Amino acid sequence: MRSRSTNRSGIVIRRRVTPAGDIIVTLLTPQGKVKAIARGGVRGPLASRLNLFHHVGVQVYQTPQADLATVQQAVLEGALPRLAEPGRYAFAHLMAELADALFQEGEFSEQAFELFAGALRGISHQPDPEWVALVMSYKLLGLAGFVQQTARCARCGAPHPEHPDPLGGQLLCWACASLPAYPQASLDFLRNVVRRSVRVSMEAPVPGDERPALWQALERFVTVQVGNVQSWRQLVPQAAAVST
Ligand SMILES: [Zn+2]
């Protein structure tokens with residue numbers, strides 16, 4: 001008979017404490033997303049191990065009666081303490097919420113895990129965590145199959161669109177647009193980020209004053225395409241919330 005106890009190694013992307021003192025965590029692992037409960041965890045040694053963004057090895061036990069697997073053991077395998085810094089935490093949180101929205105439980109994706117782990121490392125170590133978050137958000141979306149249409153106007157299909165699409169976060173042609181065209185660096189980013197390697201994108205950051213428009217496009221695109229991302233939307237940098 002197969003054991004119902006399994007070992008998983010992954011990163012905590014969501015953590016909630018119930019009034020009863022249980023900790024409910026969602027881990028992103030190379031074998032997919034795992035949701036489990038540590039009963040009474042708040043009062044035990046698991047509390048500090050099952051923290052957001054920690055890389056942990058867990059042993060979980062699943063019974064047919066319970067909808068949630070139970071965390072029996074957790075071992076800390078890695079942590080990125082700099083993610084707690086102001087200016088980094090919000091971007092890490094944004095990535096975790098996006099990964100949670102994009103990937104389903106039980107969906108096997110080693111690539112998603114590697115990309116997400118790389119995003120957290122970049123946000124922790126790089127001098128420009130905002131740029132890491134923008135690049136990696138589009139890379140994660142691309143991996144999940146959500147790719148912006150950049151070759152044709154999202155409204156009429158005309159070629160070479162260069163203007164923001166305030167409703168869908170894609171691109172519009174000059175005839176359909178109500179906003180001025182994107183600057184060249186932003187256009188280059190939107191057209192190529194999904195195909196380009198992370199390294200190449202990291203070497204060509206878009207100037208800071210162009211980023212609010214990119215965040216806004218990302219917010220619209222994710223809201224329309226992925227849906228059900230309320231908690232994620234609240235984390236998108238404030239500048240992106242300016243209405244058009
Ligand atoms: Zn058009």
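Residues numbered from 1 in each chain as written. Predicted model: local features only at pLDDT ≥ 70, side-chain atom pairs only at ≥ 80, totals over all residues. Heavy atoms only, no water.

- As recorded in an unreviewed UniProt entry, the protein chain goes by the name DNA repair protein RecO, listed as coming from Deinococcus aetherius.
- Quoted verbatim from the Sequence similarities (unreviewed entry) field of the UniProt record, the comment on the protein chain reads "Belongs to the RecO family." (UniProt positions renumbered as here; feature names shortened; annotations may be inferred.)

## Considerations on the coordination of the zinc ion
Piece 1. Taken together, the protein donors to the zinc ion comprise C153 (SG), C156 (SG), C173 (SG) and C176 (SG), at separations of 2.3 Å.
Piece 2. Around the zinc ion sit four donor atoms, and with donor-metal-donor angles ranging over 106 to 116° the site reads as tetrahedral.
Piece 3. Each donor residue of the zinc ion lies on the same chain, and together they follow the pattern C-x2-C-x16-C-x2-C. Remark: C173 occurs in the loop between strand 7 (171–172) and helix 5 (184–192) and C153 occurs in the loop between helix 4 (129–143) and strand 6 (163–164); sequence separation between them is 20 residues. Assigned by exposure class, C153 and C173 land together as buried. (Donors = N, O, S within 2.8 Å, 3.2 Å for Na, K, Ca; no water. Tetrahedral: all angles 85-135°; square planar, octahedral: opposite > 155°, others 65-115°. Helix = DSSP H or I, 4+ residues; strand = E, 2+ residues; numbered from the N terminus. Buried < 20%, exposed > 50% of the residue type's maximum accessible area, 1.4 Å probe, protein only.)

## Quick word on the pattern of salt bridges
Piece 1. A complete count under the given rule lists eleven salt bridges for this structure.
Piece 2. We note a salt bridge from E85 to R88, for which the minimum N-O separation is 2.9 Å.
Piece 3. Residue classification places E85 among the partly exposed residues on the basis of a relative accessible area of 29%.
Piece 4. Accessibility expressed as a relative area gives 8% for R88, which makes it buried.
Piece 5. Among the charged side chains, a network of salt bridges with common partners joins R14, K33, E97 and D100. (Salt bridge = Lys/Arg side-chain N within 4 Å of Asp/Glu carboxyl O.)

## Considerations on the domain arrangement of the protein chain
Piece 1. According to the domain assignment, the protein chain contains domain 1 (4–79) and domain 2 (82–243).
Piece 2. Here domain 1 and domain 2 have C-alpha centroids that lie 29 Å from each other.
Piece 3. Contacts between the two partners involve 15 residues from domain 1 and, on the opposite side, 22 residues from domain 2.
Piece 4. Each partner contributes to the roughly 1600 Å² buried at the junction of domain 1 and domain 2, and carbon and sulfur atoms together form 67% of this total.
Piece 5. For K33, the salt bridge goes to D100, with nearest N and O atoms at 2.8 Å.
Piece 6. Linking domain 1 with domain 2 are five residue pairs in polar contact (both at pLDDT 80 or more), by the criterion used here.
Piece 7. When contributions to the side of domain 1 that touches domain 2 are tallied by element, the ones reaching two or more residues are strand 1 (5–17), strand 2 (23–29) and strand 3 (32–38). (Domains from an automatic or database assignment. Contact = heavy atoms within 4.5 Å. Buried area = accessible area lost by both parts, 1.4 Å probe. Polar contact = N/O pair within 3.5 Å; in protein donor to acceptor, adjacent residues only side chain to side chain.)

## A closer look at the packing of aromatic side chains
Piece 1. Considering all chains together, one arrives at four aromatic pairs under this definition.
Piece 2. Aromatic pair W131 and F189: ring centres 5.0 Å apart, planes at 50°, arrangement tilted. Here the residue W131 occupies a position in helix 4, and F189 occupies one in helix 5, the gap between them amounting to 58 residues. As far as the burial class goes, W131 and F189 line up, both buried.
Piece 3. Their ring planes at 85° and their centres at 5.4 Å tell us that Y138 and F189 sit as a pair that is edge-to-face. One end of the pair, Y138, is in helix 4; the other, F189, is in helix 5, and 51 residues separate them in sequence.
Piece 4. Taken together, the ring pairs connect W131, Y138 and F189 into an aromatic cluster. (Phe/Tyr/Trp six-rings, centres within 6.5 Å; stacked < 30°, edge-to-face > 60°.)

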